[in-house]
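# Descriptive analysis of the structure
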Protein chains: 2
Amino acid sequence: MENITQILITLVLIFASAKLLGEIFERFKQSAVVGEILAGIILGPQVLNMIGTSEIFPVLAEIGVIILLFTVGLQTKVEEIMRVGKSSLVVAVLGVVFPFIFGYLYTLIINHTTVEAMFIGAAMVATSVGITARVFADLGIIETKAARVILGAAVLDDVIAMVVLAIVTGMGKGTLSLVKIGLISLEAVGFIIFLILIGRRIVYRVVPRVARFRTKDAVFSSAILFCLFLSAVASYIDLAAIIGAFLAGMILAELNPEFNLSVKTESLYNFLVPFFFVMLGTWVDLSIFNQPALLWAALIITLFAILGKLLGCGLGALHLGGKDALVVGFGMVPRGEVGMIIASIGLSMKAITSDLYTVIIFMVMATTLFTPPILRRIVLRKSEEKPPDGEKIEPE
Amino acid sequence: MENITQILITLVLIFASAKLLGEIFERFKQSAVVGEILAGIILGPQVLNMIGTSEIFPVLAEIGVIILLFTVGLQTKVEEIMRVGKSSLVVAVLGVVFPFIFGYLYTLIINHTTVEAMFIGAAMVATSVGITARVFADLGIIETKAARVILGAAVLDDVIAMVVLAIVTGMGKGTLSLVKIGLISLEAVGFIIFLILIGRRIVYRVVPRVARFRTKDAVFSSAILFCLFLSAVASYIDLAAIIGAFLAGMILAELNPEFNLSVKTESLYNFLVPFFFVMLGTWVDLSIFNQPALLWAALIITLFAILGKLLGCGLGALHLGGKDALVVGFGMVPRGEVGMIIASIGLSMKAITSDLYTVIIFMVMATTLFTPPILRRIVLRKSEEKPPDGEKIEPE
């Protein structure tokens, strides 16, 4: 019982501090997300060290971000993403090219090897859409065009990041195989196209049958099962799990009003999503602030990471108008797990130094922490001209 | 990513098989719970061995049973438990005395030591109210008088079980301290009385303030937090965590209609509760069926476990009328974690043999598996005379 007691206490600590700091930040008109991340920094190993090493909390965090992207998917009909498909593709590609080149060149300039420069470039590529999605959800603007362009671009840019990862790990091992690159790209693209073309039809046939099941809320349970299943498949084929969750939501989006799916998902969201943001906070490494040279490198990389997405994605979205381009540009700035994973792979195969690893972690955390307040400000300034669609994600 | 992929796949397997077998059992007019436990037996180490050793699933199971008892608590107003308080107390005490004496005497008769007999008696004492609560919830009769007597008795009998455990571990170690027994009893009783008298007033003052928070669904989040907090406290003072969860729900029961708490908890329930029953299934040890002598002992202990509660609790509830007494008697039959914990403590301090341990595990599983169909039958036969209150626990 000792163990479960400890876990329950930590659970209470995480949940309570996330909600409390979230509330305080909202009262100061800031993003609750930042409060939740701050809760993680405080509870994490750098300050109070109260989370422990149980694997349960990272897993709850992962289920949390899966539920977050599933909820976002539920607000995003396939047709609407299709309509912004070209914009998303341009935003995704430019948003990969610019940060990669910036990271690559800067790392070369400060006297690192080509392989190291490739890894740093790769780690700067993938947007972590969770943060932006949460900010948009809190502001009730998930159903705007800019949000759709970002969501579409984030899915695509994750696919590109996986291909880039395959290339750089190939280079790191000295065994770059074009066949492997081709395979991973095909797998990822095939998964998405299969789901949208065929998966959707199957779902639309199965759901009316499930609705007649005797199990209470059978459609909702099946929807969650479908979300977990696609997350597992995405993770299995080396895509981020959240891509599967987002696609699951998107496929079910048209059934959402009939079966109240996003309303029913709300309490899972309320309970699980804070774990994701708190765990992000616990991974913050504050020791970098004692090393001025490293801190400078990290600040410059962070600047390039921001500029790269801002220029690349902003340019790609310029036809939406200046302010929407700004929203898309900043919305694509946060980096997340994928960047950290690429950095940790580089570190584990000794392709990058631990200093460069710390720089990447700093960049990921900085882009994550600073995006919500900026995004919030731009969107709220924007909305003075045109009111937001209302609180679509949390209807009462 | 390998690790999270594996966990997601197992998550999908557990959830899918629980819902599928639950549905099949419901179609055959059986209890979905039994289907979920069967899913656990099939996925568990005895058959397919697909769950692995990750600590995440037992923890999800624990959170699941916490949410289950919280939901049950939300349907149970303090006044209503008070009204049946005397019945519950009599049911609890007789339901402890009879099984303890049966287990104690039988173990002595088959030539075991006094300490062993005390442990077996103790392991037969505590009702696991999760199973019965779930059956009642599925049938929509949580708000009947028999259900209330059972819930009240289960809380009390858990308290008594903790005291009995303190006594037998003291005997096992040869250091039985009356002070320790007194302390643990005081702690448990004090916790419950404090919550009902003072905790409730605090909650009723705090909730209207929380309702004005900016965080979305702040009251619901706080309710879940309160539930987890009391579970952690209960677990910390060596009560079962679910007692805390049940008390949290009970304290919030009067606020339930205003803030839609049980409706909002539903999707957490749908997602998490199956993990509890599947994990119960994975703990089933089928090897006992290859050992006839052990199997006989296990069957006789199981019979005594059933008879003990049926006689003790049935006698205690006789004033409710014959059929309600039968419902209470059978409703108190399932043993759960507490019985297994007492047995495992006995095993780890070498106070009982591993054969006796297996016997206890068999008894726990058998009482868990056979109660739902019997209870369902009695209740449904009963309801031909008087229709149930309707589906109070899962309003749409």
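Heads up: the structure comes first, above all this text.
Summarised in this report is the structure supplied together with it. Computed from a predicted model, the values in this text were never measured in an experiment. (Residues numbered from 1 in each chain as written. Chains lettered and ligands numbered in written order. Predicted model: local features only at pLDDT ≥ 70, side-chain atom pairs only at ≥ 80, totals over all residues. Heavy atoms only, no water.)

## A closer look at the overall build of chain A
Operational definition: Starting at the N terminus, helices and strands are each numbered in turn, a helix being any DSSP run of H or I of at least four residues and a strand any DSSP run of E of at least two. The atom set for the radius of gyration is the C-alpha atoms, and the globule formula is 2.2 Å times the number of residues raised to the power 0.38. Only protein chains enter the area calculation, which uses a 1.4 Å probe; residues under 20% of their type maximum are buried, those over 50% are exposed, and those in between are partly exposed. Any two residues having at least one pair of non-hydrogen atoms within 4.5 Å are treated as being in contact. Only the protein chains shown count as cover for residues, with accessible areas throughout obtained via the Shrake-Rupley method and a probe of 1.4 Å. Positive: Lys, Arg. Negative: Asp, Glu. His and the chain ends are not part of the count. Where a charge sits is defined by one atom per residue type, namely NZ (Lys), CZ (Arg), CG (Asp) or CD (Glu).
The number of helices and strands found in chain A is 17 helices and zero strands. A compact globule built from 396 residues would reach a C-alpha radius of gyration of about 21 Å, and chain A, at 20 Å, matches this within 12%. Projected onto the principal axes, the alpha-carbon positions of chain A cover approximately 65 × 50 × 50 Å. Looking at chain A as a whole, 61% of its 396 residues qualify as buried. In chain A, once contacts between residues fewer than 6 apart in sequence are set aside, the share between residues at least 24 apart is 81%. Accessible surface computed for chain A: about 15400 Å², of which carbon and sulfur atoms make up 67%. Charge-centre separation for chain A: the mean point of 29 positive side chains lies 7 Å from the mean point of 29 negative side chains.

## Observations concerning the pattern of salt bridges
Formally: Salt bridge, as applied in this entry: a Lys or Arg side-chain nitrogen positioned within 4 Å of an Asp or Glu carboxyl oxygen.
Per the counting criterion, the structure on display carries 14 salt bridges over all chains. Residues Arg134(B) and Asp138(B) are paired through a salt bridge, measuring 3.2 Å at the closest nitrogen-oxygen approach. A residue pair is termed a helical-turn pair when its members lie 3 or 4 positions apart in one helix, as Arg134(B) and Asp138(B) do in helix 7 (residues 129-139) at four residues. Comparing Arg134(B) with Asp138(B), the two get one shared label, buried. One salt-bridge network, in which partners are shared between bridges, spans Glu36(A), Arg134(A) and Asp138(A).

## Here we look at the relation of the copies chain A and chain B
We count it as follows: The copies are overlaid by a least-squares fit using only the C-alpha atoms of residues whose pLDDT is at least 70 in both copies.
When chain A is fitted to chain B, the residual RMSD is 0.0 Å, and the transformation amounts to a turn of 180° plus an axial shift of 0.0 Å. The superposition of one copy onto the other is thereby described by a two-fold rotation axis. Counting the interface residues of chain A, we find that 100% of their copies in chain B are interface residues as well, pointing to one common contact surface.

## Some remarks on the interface of chain A and chain B
Applicable threshold: Computed with a 1.4 Å rolling probe, the buried area is the accessible surface lost when two parts are put together, summed over both parts. Pairs of N or O atoms within 3.5 Å make up the polar contacts considered here, provided that, within protein, one atom can donate a hydrogen while the other can accept it, and that residues adjacent in sequence are counted only when both atoms are side-chain atoms.
Taken together, the contact pairs 55 residues of chain A with 55 residues of chain B. Interface area for chain A against chain B, summed over the two sides, is near 5100 Å², with a carbon-plus-sulfur share of 68%. Viewed at the interface, chain B and chain A are joined by zero salt bridges. Applying the counting criterion to the chain A and chain B interface returns 18 residue pairs in polar contact (both at pLDDT 80 or more).

## Side note on the environment of Val155(A)
For Val155(A), the position within the fold is in helix 8 (residues 145-173). Spatially, the C-alpha atoms of Val155(A) and Ala126(A) are 9.4 Å apart, while their sequence positions differ by 29 residues.

## Considerations on a nonpolar patch on the surface
Inclusion rule: Exposure above 30% relative accessible area and the lack of any salt bridge qualify a residue for a patch; like charges then connect within 9 Å, and the nonpolar side chains Val, Leu, Ile, Met, Phe, Trp and Tyr within 5 Å.
A surface patch of nonpolar side chains, about 630 Å² in accessible area, is lined by Leu89(A), Val93(A), Val97(A), Ile101(A), Leu105(A), Leu108(A), Ile109(A) and Ile110(A). For Leu108(A), the position within the fold is in helix 5 (residues 85-109).

## Side note on the packing of aromatic side chains
Residue and element names in this part refer to chain B. Here is the rule: Centres within 6.5 Å are what make two rings of Phe, Tyr or Trp a pair, Trp counting through its six-membered ring; a difference in plane orientation under 30 degrees is then read as stacked, over 60 as edge-to-face, and the rest as tilted.
Under the definition given, this model contains 18 aromatic pairs over all chains. Ring geometry for Phe 98 against Phe 102: centres 6.2 Å apart, planes inclined by 85°, an arrangement best described as edge-to-face. In this pair, Phe 98 and Phe 102 are both assigned in helix 5 (residues 85-109), four residues apart and thus about one turn of the helix distant. Relative to Phe 362, the ring of Phe 289 lies with its centre 6.1 Å away and its plane at 65°, an arrangement referred to as edge-to-face. Here Phe 362 lies in helix 17 (residues 354-385) and Phe 289 lies in the loop between helix 13 (261-282) and helix 14 (292-316), a separation of 73 residues in the sequence.

## Topic: helix 11 (residues 241-252) of chain B
Residue and element names in this part refer to chain B. Quick note on the threshold: Between the first and last residue of a helix there are one fewer steps than residues, each counted as 1.5 Å, and that sum is the expected span.
Its twelve residues give helix 11 an end-to-end C-alpha distance of 17 Å, which sits within 8% of 16 Å, the value for a rise of 1.5 Å per residue. Among the twelve residues of helix 11, twelve are classified as buried, and the element is accordingly described as predominantly covered. For helix 11, the full list of buried residues reads Ala 241, Ile 242, Ile 243, Gly 244, Ala 245, Phe 246, Leu 247, Ala 248, Gly 249, Met 250, Ile 251 and Leu 252.

## Considering the side chain of Thr127(B)
Residues and elements named next belong to chain B. Along the polypeptide, Thr 127 turns up in the loop between helix 6 (114-123) and helix 7. In terms of polar contacts, Thr 127 uses its side chain to reach the side chain of Lys 309, at 3.3 Å. Within the structure, the side chain of Thr 127 is placed 2.7 Å from the backbone oxygen of Met 332, a separation counted as a polar contact. Among all residues touching Thr 127, those that are not within four sequence positions of it are Asp 157, Asp 158, Lys 309, Gly 331, Met 332, Pro 334 and Arg 335.

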